[in-house]
Structure formats: C-alpha cells, structure tokens
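What the coordinates show
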Amino acid sequence: MVILDEPFASEPLLAWLEGSQHPVLANAFAEEVVSSGKARLRLIDDGEAARRADAGERIYTCTENALAWILDNSSNEGLKGAITLFKDKGLMRERLSALSDGFYFKRLRRDELEAVDAASLPLPVVLKPNVGFCSMGVYVVDSQRAWDEALADIAREEGTWHAMYPESVVDSDEYLIEGYIEGPEYAVDAYYDEVGDPHILNIWRHDFASAEDTSDRLYQSSKQVVDETFSELEGWLADVNGIVGARGFCVHVELRRTESGIIPIEFNPLRFAGLGGTDMAYYGCGYRTYELYLEDIPLDLREVYKAHPEDVYSMSLLGRAGVGAFDYDRFEAQFSDVLEMVRYDVDKTGSYGFLFLRTPVDDESERAFVLTADLADYLS
C-alpha cells in the first residue's frame, strides 16, 4: 500500500502506481492527483487501508506527512512503535547507545535553549529538532556566537517550518544537541523484510562545502561508493534491527562512518530519500526502489554499479536562496549530462528542485560546482 501526501509525489512514482495499480490511500492529495489527470490511481478508502496496515502489509509513503494517518488509524502496534522509535532522534540515540558507546547527546525543550552556555558543551556540536526533515533547523555550533546565531535563525524560521510540515515531520518543541561526528556522511535507502533482514537499495555519500555546511546540496553514488561501504552498512543495519525489530518496513537512514564505527544521524521511517530523491536509482540505473520494496524484488546493488564503473550519479537539493524566480534553464546549462531537473513549488518545499546528474568518475568539476554554486546568482 502507498500513501501519497503533500508536498510532492514524483512522476516516476505516479507512473508506476498507474501502471501497476498498486493500492493508494484515497486522501485529498491522491484524489487531486486523479482529478487533475496526473495519474489514474487505484484508490482505497480509510477502512481498507487500515485493514491492510493492521495485517502487516508493506507500506510506502512519499512524505512523512503521511505518518500521522498511520498513527491515528492503524492498530498495528509493531508498525506504530517502529515509526515512533525511528522518527524520535533522541529515543533512537538511547535505544542504539550500545552501538555508539560514549557518543554525546542531550535532549532539551525549545524554551531551555536560551539558557544554554555554549562553553559547557563539548564543542563543536550539532543542534537540531528532535523530530525533523532534511536540513531544516540543523546547525553546527562551535562557539557561543554560533549558538546565538542558531537560536536567532530558529526564531526566524520555525514558523515557516510549521507552515510547510505537520508536527509529525518537523517539531521544534524539543531539540537534540549532539557531538559533532568526524568522518564521511552517507545516506541509505533500505528496507527490512518479514524476518528482519536488511536490503539496501541506494547508497550515497553526502558531501559538504565546509565543516559548517549542513545543506543537502550534493549526494553522489558510484561503484566506488557502493563497493567500499555495502558490507559494513548491511551488517550495521542488521545490528540496528536486532534492537528495533522492524518487519516489512522501509527506512531512509543518514549516518557517518568513523574510525570507531558507524554513528547514525537519523532514521526516516516508511520512505526513501525525500522529495523524490530516491528516483536517482531510476534516472541513473533504471530501477524504482519503491517497486522493489513493495513487490519484494531482489536487488544486488553491487552488481548494478558494477555495470557503471565510469559514472558518478549525483543529486542536489536546491534550497531557497532569496527572493525571486529561479532560472532553471541557465542553471542546467552549467552541466553536460542532466538526467532530470525536477522543479518544485518553493513555497511548499523550501527548495527550487532536485537536480539529478551524471558525471565522469575522473572529473569532479561539475560536482564541485553544484556543491559551491551561489544559487542567488540564478534568481531574477
């Protein structure tokens, strides 16, 4: 079963749902998709959807806005418990502490942040909402000044976050302070089958322009990225589920690989990379992650990338950079092989779109450009 909701459902997902006639919850978003002619969907009502969820059927959502419906309508306590645990960063830190022994984290209410003396923290630290989405409300803090600037930005932006997403997706009433994790960051699309074994469908390395950068500007995957991480990530995901016990459940995970092991950043339940990011697999390598998960189709990710040894597949979330219209055509002209430029309503998502890009493994120039480009230069 699939639950669609605001702010976005990708064209590859809608096309597959129309062709497969996989059941879709008949909420307002899905009904608008049908009435507008975007896709002919097989809609099911709340009662049938709840029965499917209660029976343990695999569920995929294109947005965490859909989680509230599951929590409110399903009596499947295993499903609801996994959602709650994965979405609550602080709770996950506590449950998985044995896998990252000694890692610093602290939970605070929003109204407690002002009283924090940054000098008392093991700087640098990361400050972020305990329940969050993408990089909203995430700050790297290395001084009292940086702490004060982060709180000022939260005060300016939290109203916008609440306007775009429900509390089940972004909740700024509680924050998490974490030790800054040294080491490369990765994002993983994976699912646990009915016996709890992990299956990895996407791996990206998340690159940053600087230590202070928290954007989603550049994720890249290649044969090298997959080969050097797959076995370690598969084993770690199995260890995680030895504690969590999820079954028939998909998740998008962000993590860092350190000298002492893997440290999780966050788990995003019942979805893959957000705002259609998981479609990098489709645009680059021709498979739909949600189809494999929902239809229980096996995939060997290492074999997939073995066929593309000279290519790097990248995706870039283009965050809002100011006031004005974004010139997509001028921006796309900077690249030699744009697989897709998905355009968003920036007021609904906070981003202009998702760029999907193919570049040669031995030429980093275009990837370096997308990582550091000033998007304000493309506003008119």
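Report on the accompanying structure. Everything numeric in this text was worked out from a predicted model, so none of it was measured.

Conventions adopted
- Residues numbered from 1 in each chain as written.
- Predicted model: local features only at pLDDT ≥ 70, side-chain atom pairs only at ≥ 80, totals over all residues.
- Heavy atoms only, no water.
- Helix = DSSP H or I, 4+ residues; strand = E, 2+ residues; numbered from the N terminus.
- Buried < 20%, exposed > 50% of the residue type's maximum accessible area, 1.4 Å probe, protein only.
- Contact = heavy atoms within 4.5 Å.
- Areas by Shrake-Rupley, 256 points an atom, 1.4 Å probe, with all protein chains shown as cover.
- 1 Å grid on protein atoms, 1.4 Å probe; cavity = no way out; pocket = protein on both sides within 12 Å on 5 of 7 lines; lining within 4 Å.
- Points joined across faces, edges and corners; volume = space filled by probe spheres on them.
- Pairing = 2+ DSSP bridges.
- Axes fitted to C-alpha atoms, helices over the stretch in contact; angles between N-to-C directions.
- Core = buried A, V, L, I, M, F, W, Y, C linked by side-chain atoms within 4.5 Å.
- Polar contact = N/O pair within 3.5 Å; in protein donor to acceptor, adjacent residues only side chain to side chain.
- Arc of directions from axis to C-beta.
- Salt bridge = Lys/Arg side-chain N within 4 Å of Asp/Glu carboxyl O.
- Patch = residues over 30% accessible without salt bridge, like charges linked within 9 Å, V, L, I, M, F, W, Y side chains within 5 Å.
- Lys, Arg positive; Asp, Glu negative; His and termini not counted.
- Charge placed at Lys NZ, Arg CZ, Asp CG, Glu CD.

Re the overall build of the protein chain
Within the protein chain, the regular secondary structure consists of 14 helices and 16 strands. Seen along its three principal axes, the alpha-carbon backbone of the protein chain occupies a region of about 55 × 50 × 40 Å. Looking at the protein chain residue by residue over its 380 residues, the buried ones come to 56%. Contacts spanning at least 24 positions in sequence make up 66% of the contacts within the protein chain whose residues lie at least 6 apart. Split by element, the accessible area of the protein chain, about 15500 Å² in all, is 46% carbon and sulfur.

A word on empty space enclosed by the protein
The tally for this structure, following the rule as stated, stands at 4 cavities of 30 Å³ or more. Taken together, 15 residues form the lining of the second largest cavity, with Ser10, Leu13, Tyr60, Cys62 and Gly276 sitting closest to its centre.

A few points about the sheet that holds strand β13 (residues 261-269)
Strand order in the open sheet made by the 8 strands is β13-β12-β9-β10-β11-β14-β16-β15, with antiparallel pairing throughout. Only two strands of the sheet have a single partner each, and these edge strands are β13 and β15 (338-343). The mean angle between the axes of side-by-side strands here comes to 25°, regardless of whether they run parallel or antiparallel. As paired elements, strand β9 (residues 185-192) and strand β12 (residues 249-258) share 8 bridges and run antiparallel to each other. Its bridge partner lying in β12, Ala187 is registered against Glu254. Each of β9, β12 and β13 is contacted by helix α5 (residues 77-87), which is oriented at about 125° to β13, the strand it contacts most. Across the face of the sheet, helix α14 (residues 365-372) comes into contact with β10 (198-207), β11 (218-222), β14 (311-319) and β16 (351-360) while running at roughly 165° to β16.

Observations concerning unusual backbone geometry
Cis geometry marks the peptide bond from Glu6 to Pro7; its omega dihedral reads 5°. As for its position among the elements, Pro7 is in the loop between β1 (2-3) and α1 (11-20). Here the residue pair Leu123 and Pro124 is connected by a cis peptide bond, since its omega of -5° sits within 30 degrees of zero. With respect to the element layout, Pro124 can be found in the loop between β5 (105-109) and β6 (125-131). A positive phi angle, close to 60°, is found at Leu270, a residue other than glycine. By the secondary structure assignment, Leu270 is in the loop between β13 and α9 (280-285).

Topic: the nonpolar core
Leu4, Tyr60, Phe86, Ile200, Phe267, Leu270 and Tyr293 are the most contacted members of the largest nonpolar core, which totals 85 residues. A total of 8 residues in this core trace back to one element, the largest contributor, which is helix α8 (residues 223-244). Not counting residues within four places of it along the chain, the set of residues in contact with Phe86 comprises Met92, Tyr192, Val244, Ala246, Phe249, Val251, Phe267 and Pro269. Grouped together as the second largest cluster of nonpolar side chains are 17 residues, Tyr328, Phe331, Val346 and Leu355 included.

Considering the pairing of β12
Counting buried residues along β12, 9 of its 10 residues qualify, which places the element largely inside the surrounding structure. Inspection of the sheet shows β12 paired to β13 by 8 bridges, in the antiparallel sense. Within β13, the position partnered with Thr258 by the bridge is Gly261. Remark: 2 residues form the turn of the hairpin made by β12 and β13, two consecutive strands paired antiparallel.

A short note on α5
For an α-helix, the turn length of 3.6 residues means that residues three or four places apart are oriented alike. What α5 keeps buried is the set Leu79, Lys80, Ala82, Ile83, Leu85, Phe86 and Lys87. Between the side-chain oxygen of the N-cap and the backbone nitrogen of Gly78 there are 3.2 Å, and the N-cap of α5 in question is Asn76.

Things to note about helix α3 (residues 46-54)
Turning to α3, its buried residues number three or more, namely Ala49, Ala50, Arg52 and Ala53. End-on view of α3: buried residues confined to an arc of 160°, all on one side of the axis. Lining the buried residues of α3 we find β2 (23-25), β3 (42-44), α4 (67-73) and α5. Sitting at the head of α3, Asp45 places a side-chain oxygen 3.2 Å from the backbone nitrogen of Gly47. Positive phi appears at Gly56, one or two residues downstream of α3, with a value of about 90°.

Re the pattern of salt bridges
Considering all chains together, one arrives at 31 salt bridges under this definition. Note that Arg52 is salt-bridged to Glu57, the shortest N-O span being 2.8 Å. When its relative accessible area of 18% is taken as the criterion, Arg52 is described as buried. Of the charged contacts in the structure, one is a salt bridge between Arg107 and Glu174, with a shortest N-O distance of 3.1 Å. Within this pair, whereas Arg107 is found in strand β5, its partner Glu174 is found in strand β8 (residues 171-179), the two being separated by 67 residues in sequence. On the accessibility criterion, Arg107 (27% relative accessible area) is partly exposed.

A look at a negative patch on the surface
Taken together, the side chains of Glu310, Asp362, Asp363 and Glu364 present a region of like negative charge at the surface. Structurally, Asp362 can be placed in the loop between β16 and α14. Residue Asp362 is classed as exposed on the basis of its relative accessible area of 69%.

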